[in-house]
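A structural walkthrough
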Amino acid sequence: MGTTNRQILFSAFFLVVVSCPVSGQTEGDVRLKDGPNAYEGRPEIFHDGVWLSLCYTFSNYYVPGTICKQLGYQSQAAVSYVSSSYGKAPGEIFGQYIRCTSSSTNVSQCSMTDRQDNCDPRYTLGVSCNTTNSATKIRLKGGSTQYEGRIEIFENGVWGTVCRNYHRHTTYIHRDINAHIACRELFGSGYGGTYYPTHETPDRFGILQSGAIQRGHVRCKGNEDSLFDCIFSRGGVDISCYHEMDATVKCFPVPDGCVGSYMSVTGSLTSPGYPAGHNFTEDTVCAWFIQTASGRTLNMSFPDIDAHNQSDSSSYLQVSDRTYYYWRTSYGSLLPNLVSATSYAFIRQTNKGGTFGIDFAASWTPASCDYSSNNLWTTQYTLRSPGYSGVYPTGLDCFYLYRFRKQLSVVVTFNAFHLDDESNGGCQDYLEIFDGHTVSNHTVGRFCNNTRPPTLTMSQHTVLLHFHSDDTIDSTSQGFYISVSGVEPVPLEQNLNASSGLVTSPGYPALYANETDYKWNIVLLPYQSVTLNVSHYTSSFCSWNEKLLVYYTDHRGSSTYTYLYCGRTGAIVVSYSNRMQLWLQAVSEVSNGQAFQAMWKTECRRSFSSASGTIMSPDSPNAYPTNQDCSYLITRDTGYYINLTFTSFALDSDLCNDYVQIFDGSSNSFPLLTSPLCGSSLPPVLLSTSNSLWIEFHSDGTTDPSSTGFVATYTSHIKECKSTTLTSIDGFLASPGYPVQYARFTYCVWTITVPFGIVELTFQDFAVGQKSTYDCYGAQVRVYDGENVDASTVIETLCGAVAVPKIISTGRSLTVVLNSYGSSSTSAIGFQASYKSISSKYNTEFNQELLE
């Protein structure tokens, strides 16, 4: 939704919610709700007679401190939390952006932007204002024994949970290590543990409804004494944490060495009890983190793996050089030598309780630092010395080979360079560059010390770099940071602007083997489009790296491209704009060339997808040509409608042989918005009922110099709410655009006030947002009992594709709020509902049950 429409809708909202003010409250008051203590909770602001939650993403750094000062606490104690730490918004959310300063003592002193936006109810701000301390820093809550439960840590004056969210930095390996560290901190060095699966947590421990989410993305390595020593992101930084994702753990005794961290260039480790094995009484996962010197990779070997003759696969060994997938898995068989892609690796040993698990011995050494590019299509590489920008390792001999397409020239640019200074009259650590692919090629230079070399251009399309370091270390030598680029030559170009024609590769049908690219630019009149038919394409070396690129505009008005390769013929490419570019590239080192032949023709056809634009007949403002059949397609995002206004119109009116037709959809199979238009009178403003319009223009074989055609402008708008106040005895309401999906970031309020009796609301159709086990996603509808949108009057919060029971008010009013704050499934088409006044003899017991 654009800013203007948001302002309109929110203005409507704030007008609707003005009601009898709550006794004793003034505009701009704040409070903390739903926290376990008075000094923590979900902040709400009193605005226009109701309490509204605050959105985390709409508040700057100083808002929590200002709230704490306004409530009588010290600002330095202020800490913000997000992800519904203290519950998602039970009512509506303040839609303006709040910008406080360090000197603000009251939220009313902060700046409020005019911009209004929708906020996901799960992204409500949480605030604590406490400075007390606790001798205990970690505990387990909610378990049936002291050895299990929800992990809680004490920080910044409050107890809070640890989020078990994982992304590419924090997946299963870190999860296992985190559990061991938490249990070891709680019960001593002989203990470890395991996280409970997310799906088991609700049944075992319930879901915490309110409390700070202290940390997320916790990444322990195995040598820490406490969770507080592990790398983490504060829960308040990552809005992907919810209490459904609170970490829960089971602690139990584990063998010595079940978790560990190794920071060494070379090393070895064995599993607990190796080689006899350890008798595991519980299902136990042991995990180890291994890291070599920064910038180096690991060569790992497993000389022995023993599953102790287990008949099933319940005990196994996994190795990973990433945190989000496993590299190799063994159920007892030996693994091959493995070379990591990073400077670290993980080993995960899963052992079935009541068995001796799976034993192993492992060792690692530095892997080769050599590199060779193999993608001729890539034209830009970045090269950093091992460990950059820290100290590079000693004893290196690294070779880096870069290959580019044969018509490209290679340029080496030094962004940073700092090697050891010269000694004994020569370079002890150096970078040597060869103009070619072997050390026998010409040496461009050998560089050392901290003088940054100049930019170098090679004479060939390959370059080899050799980095050598001796056995001494200089703590100030940070290595190098280099860009290696393949620079395209200036292509040969030809411009084509005829309405049709033939285009061929140079020398066709002979193969074009020149090392210079060739481009053809087809540029037609503004109202024309291009259709290309490639009748023949061949290349000497069948590879996708050899191709004819075709750049064009698709039917949505977006610039895109396709390509032809490996003998593909008969391809037809349609550009919905007046431009098309053909680009012939020969990228294979072994290629003898390519050849193609294609024909293009013009059509009177255009496609538009921008928010607004101008459409005109051919040759406007001059007389249009004869025998034209033109089409224009306007397409906007779902939830928008299109407003079409003609600014000039002059067509031959004789029997309406020249005419314009406008269809309410994406083709001429949709209904006409009006009868065919002709003559010289300006047509009325036309409004689509969907997000597309199809326009056709036809001219016959006769000419009239005064018939200059037409010019029309279009704009697109989000479908707004049809009404905000409904006062009839009965009526209907529907989401904007129903049954077409409402637009993202739609916010609509309907206040229903009947002249007598009470309100009965019936949803005939409902598909809004998406519903999970615990929450709504993307969009929701809230129904309030009365004209006030205070959280205490919520009757229902609805989402998903559901059958909604009848809703009955306790008085003469109901308020319905649609909030679309994210992406919804394509099946979320909105809702249609009706209301009517019924006698109050039906009472309010029905709704009272819902409220309870």
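Residues numbered from 1 in each chain as written. Predicted model: local features only at pLDDT ≥ 70, side-chain atom pairs only at ≥ 80, totals over all residues. Heavy atoms only, no water.

**Describing the pattern of salt bridges**
Going by this rule: Salt bridge, as used here: a side-chain nitrogen of Lys or Arg that lies within 4 Å of a carboxyl oxygen of Asp or Glu. Each helix is a run of H or I in the DSSP string that is no shorter than four residues. Each strand is a run of E no shorter than two, and both are numbered from the N terminus. Whether a residue is buried, partly exposed or exposed follows from its accessible area with a 1.4 Å probe, protein chains only, as a fraction of its type maximum: under 20%, in between, or over 50%, in that order.
One pass over the structure, following the stated rule, counts 16 salt bridges. Two residues, Glu44 and Arg31, come together in a salt bridge whose shortest N-O distance is 2.8 Å. Taken as a pair, Glu44 in strand S2 (residues 40–47) and Arg31 in strand S1 (residues 30–33) lie far apart in primary sequence, 13 residues in all. Residue classification places Glu44 among the buried positions, given a relative accessible area of 3%. Take Arg31: its relative accessible area is 27%, and that puts it in the partly exposed class. In this structure, Arg215 and Glu155 form a salt bridge, with 2.9 Å as the shortest nitrogen-oxygen distance. Here Arg215 is found in strand S12 (residues 212–219), whereas its partner Glu155 is found in strand S9 (residues 148–155), with 60 residues between them in sequence. Considered together, Arg215 and Glu155 belong to a single accessibility category, that of buried residues. Linked through salt bridges whose partners overlap, the residues forming this network are Arg31, Asp34, Arg42 and Glu44.

**What about the sheet that holds strand S27 (residues 409–418)?**
Let me state the cut-off plainly: In this scheme, strands are said to pair when DSSP sees at least two bridges between them.
Reading across the sheet, the four strands line up as S25-S32-S27-S30 and stay open at both edges, with antiparallel pairing between neighbours. Unpaired on one side and paired on the other, strand S25 (380–384) and strand S30 (456–457) mark the two borders of the sheet. Strand direction decides the pairing type here: S27 and S30, joined by two bridges, are antiparallel. Directly across from Val412, in S30, lies its bridge partner Leu456.

**Observations concerning the side chain of Ser699**
Our working definition: Two N or O atoms form a polar contact when they lie within 3.5 Å of each other; inside protein one atom must be a possible hydrogen donor and the other a possible acceptor, and for residues adjacent in sequence the pair counts only when both atoms belong to side chains. In what follows, a contact means two residues having at least one pair of non-hydrogen atoms within 4.5 Å.
Inspection of the secondary structure puts Ser699 in the loop between strand S48 (692–698) and strand S49 (709–718). For Ser699, a relative accessible area of 1% gives the class buried. A distance of 2.9 Å separates a polar atom in the side chain of Ser699 from the backbone oxygen of Pro625. A polar contact is formed between the side chain of Ser699 and the backbone nitrogen of Gln628, at a distance of 2.9 Å. Those residues in contact with Ser699 that sit more than four places away from it in its chain are Tyr624, Pro625, Thr626, Asn627, Gln628 and Asp658.

**Some thoughts on the pairing of strand S10 (residues 158–162)**
The buried fraction of S10 is high, at five of five residues. Summarising the sheet, S9 and S10 pair through four bridges and their orientation is antiparallel. Across the sheet, the residue bridging to Phe154 is Trp159, located in S10. The antiparallel hairpin formed by S9 and S10 contains two residues in its connecting segment, where Asn156 sits at a positive phi of about 55°. When S10 meets S12, the two strands line up parallel, connected through three bridges. Along S12, the bridge assignment pairs Gly160 with Ala212.

**Topic: the sheet that holds strand S52 (residues 747–753)**
Spatially, S50-S52-S60-S56-S57 is the arrangement adopted by the five strands of the open sheet, whose pairing is mixed. Every interior strand has two partners, whereas the edge strands, strand S50 (725–726) and strand S57 (794–798), have only one. Of the pairings in the sheet, the one linking S50 to S52 comprises two bridges and is parallel in character. Paired with Thr725 across the strands is Thr751, a residue of S52.

**Remarks on the packing of aromatic side chains**
Each aromatic ring pair is summarised here by two numbers: the centre-to-centre distance and the angle between the ring planes. Note the following rule: Pairs were defined over the aromatic rings of Phe, Tyr and Trp, the Trp ring being its six-membered one, requiring ring centres within 6.5 Å. Orientation was assigned from the angle between planes: stacked under 30 degrees, edge-to-face over 60, tilted for the rest.
Taken as a whole, this structure holds 40 aromatic pairs when the rule is applied. A ring pair is formed by Phe646 and Phe649, whose centres lie 5.5 Å apart and whose planes are at 90°; its orientation type is edge-to-face. Given a relative accessible area of 5%, Phe646 falls into the buried group. Judged by relative accessible area, Phe649 falls into the buried class, the value being 5%. Members of the aromatic cluster, connected to one another through ring pairs, are Tyr392, Phe414, Phe417, Phe447, Phe467 and Phe480.

**Re the state of the cysteines**
In plain terms, the rule: We call a pair of cysteine sulfur atoms a disulfide when they lie within 2.5 Å.
Following the criterion strictly, the structure yields eleven disulfides and no others. Paired through a disulfide, Cys220 and Cys230 show a sulfur-sulfur distance of 2.0 Å. Across the disulfide from Cys220 to Cys230, rotation about the S-S bond amounts to roughly 95°, and the bridge is consequently right-handed. Taken together, the residues span a long stretch of sequence, with Cys220 in the loop between S12 and strand S13 (231–234) and Cys230 in the loop between S12 and S13 at a distance of ten residues. An identical accessibility class is assigned to Cys220 and Cys230; each is buried.

**Some remarks on the environment of Phe480**
Structurally, Phe480 is set in strand S32 (residues 479–487). With 62 residues separating them along the chain, Phe480 and His418 place their C-alpha atoms 6.1 Å apart. In this structure, Phe480 is in contact with Leu383, Arg384, Ser385, Tyr388, Ala416, Phe417, Leu419, Leu431 and Phe467, ignoring residues within four places of it in sequence.

**Looking at the side chain of Ser617**
In this structure, Ser617 sits in the loop between strand S43 (612–616) and strand S44 (629–635). The residues contacting Ser617, other than those within four sequence positions of it, are Tyr632, Phe697, Thr708, Gly709 and Phe710.

**Some points on the confidence of the model for the protein chain**
Test applied: Note: pLDDT gives the predictor's confidence per residue, expressed from 0 to 100.
Chain-level pLDDT for the protein chain is 85 on average; 90% of the residues reach the 70-or-more range. This stretch, residues 1–21, has a pLDDT under 50; its non-local contacts, to residues over four places away or in other chains, come to 46 contacts. The low-confidence segment residues 843–852 (pLDDT under 50) makes 17 contacts with residues lying over four places distant or belonging to another chain.

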